[in-house]
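Given next are the chains, with one letter for each unit.
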Amino acid sequence: MDFRQLKQFVVLATELNYRRAAERLNMTQPPLSIAIKRLEAEIGAPLFERDRLGVRLTTAGGAFLGEARRLLDGAESALEAARDAAHGRVGTLRVCSVPSAALRLLPQILPEFTKLFPHIRLRLTSGSTVSILGELQRGELDAAFLVPPASQVPGIQMIALNRQRLILAVPGVHPAAGRLAVALSELGDETLVTLAHSDSPGFAGEIMAACRQAGFHPKVMQESSHALISLPLIAAGLGVAIVPEALRQIAIDNVAYVNVVDTSGAPLTYPMALAVHANGMNPAVRWFSDTVRKVLAPHAGAREA
């Protein structure tokens, strides 16, 4: 007995007419009749009664019909599951992000992605850009949101996203705490708390370049591994920090957030990218990348190292 025989039986049991059943099965009546007789012989009981009035299911045929439909449905579900897995519509997707992206970008993307692909299990982690790139290269991650470094990374594809805004974090007693915005050029005498270049060279480089363009070299007395860790240093009065705007959502005692603008009066920004392994094997990455482009960067381009 095979699934082809089961399908032939179910179609005939539905139509109760050999001609119509054969047409639905794209075959002629004689081969269908032979197939049903072979099935009956294998089962050891007649499945249909045939007389001048037509075709009817026997008691055995009626009992067999429900199980045959269940088996066919199960086989179809198995085929769909295999196809979904092959095309990345089921399985696990390992996604990592820098903290600012976890606060701002993931909440925009995940509702749409989980709606479109409810059977893909997400495993989310957070880290610094340098650690994330290492995990991607080792195949320990499938996709990541990070601040791209200035130089290309072998084997990693970067999908450029919209640039993200920067703001200034200052102690609550700082003179700028009550202002709507400050110019970057006003910070020449301030002590900056910055991200360590070893953890996020792209972000640290953007801040240094912006300061030089504003006419000063920043005085850096404190470094942190990521922007969230900068905030306790600010609260302790150890300096000010230029941080992602997403951190405005983090309320911490004795820290105030102020807009910061460049020499032209425009908001400061920094780059953000979705990074994937250029030769990754997880097909779900394609669906995730497509969703990110749709939600965040409909006109974004990609570059591959």
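Residues numbered from 1 in each chain as written. Predicted model: local features only at pLDDT ≥ 70, side-chain atom pairs only at ≥ 80, totals over all residues. Heavy atoms only, no water.

Undergrad: Please give an account of the nonpolar core that cites residues and values.
TA: Core analysis: the biggest nonpolar cluster contains 71 residues, and Phe145, Leu168, Leu184, Met272 and Phe288 have the highest contact counts within it. Contacts of Phe288, omitting those with residues within four sequence positions, involve Leu93, Val95, Ile109, Leu110, Phe113, Ala143, Phe145 and Leu274. Ranked by size, the runner-up nonpolar core spans 19 residues in total, among them Phe9, Leu47, Phe48 and Leu65. (Core = buried A, V, L, I, M, F, W, Y, C linked by side-chain atoms within 4.5 Å. Buried < 20%, exposed > 50% of the residue type's maximum accessible area, 1.4 Å probe, protein only. Contact = heavy atoms within 4.5 Å.)

Undergrad: Quick rundown of the environment of Val130? Include the residues and the values.
TA: Within the secondary structure, Val130 sits in helix α7 (residues 129-137). In this structure Val130 comes out as partly exposed when scored by relative accessible area, which is 38%. When neighbours within four sequence positions are excluded, Val130 is seen to be in contact with Ser198, Asp199, Ser200 and Pro201. (Helix = DSSP H or I, 4+ residues; strand = E, 2+ residues; numbered from the N terminus.)

Undergrad: Just give me the short version of the side chain of Asp142, but keep the residues and values in it.
TA: The topology assignment puts Asp142 in the loop between α7 and β5 (143-146). A distance of 2.8 Å separates a polar atom in the side chain of Asp142 from the backbone nitrogen of Arg94. A distance of 3.3 Å separates polar atoms of two side chains, one belonging to Asp142 and the other to Asn282. With near-sequence residues (within four places) excluded, Asp142 lies in contact with Thr92, Leu93, Arg94, Leu136, Ala275, Val276, His277, Asn282 and Val285. (Polar contact = N/O pair within 3.5 Å; in protein donor to acceptor, adjacent residues only side chain to side chain.)

Undergrad: Explain the packing of helix α6 (residues 106-116) against helix α10 (residues 284-295) to me, using residue names and the numbers behind them.
TA: It is the contact of α6 with α10, at a shortest axis distance of 10 Å, that shows an interaxial angle of 130 degrees. Between α6 and α10, the crossing angle belongs to the class labelled oblique. Considering the relative orientation of α6 and α10, their crossing is right-handed. Each of Gln108, Ile109, Leu110, Glu112, Phe113 and Leu116 in α6 lies in contact with α10, whose residues at this interface are Trp287, Phe288, Thr291, Val292, Lys294 and Val295. A breakdown of the residues in the contact of α6 with α10 according to their chemical character gives eight nonpolar, two polar and two charged. (Axes fitted to C-alpha atoms, helices over the stretch in contact; angles between N-to-C directions. Parallel < 35°, antiparallel > 145°, perpendicular 65-115°, else oblique. Left-handed = near helix turned anticlockwise from the far one by under 90°. Nonpolar A, V, L, I, M, F, W, Y, C, P; charged D, E, K, R; others polar.)

Undergrad: I'd like a rundown of the environment of Gly44, residues and numbers included.
TA: Within the secondary structure, Gly44 is located in the loop between α3 (29-43) and β1 (48-51). In this structure the C-alpha to C-alpha distance between Gly44 and Ala60, which are 16 residues apart in sequence, comes to 9.9 Å.

Undergrad: I'd like a description of the pairing of strand β3 (residues 91-97), backed by residues and values.
TA: Across seven bridges, the pairing between β3 and strand β4 (residues 120-126) is parallel. Of the residues in β4, the one forming a bridge with Thr92 is Arg121. In terms of strand pairing, β3 meets β5 through three bridges, oriented parallel. Following the sheet pairing, Ser97 is matched in β5 by Phe145. (Pairing = 2+ DSSP bridges.)

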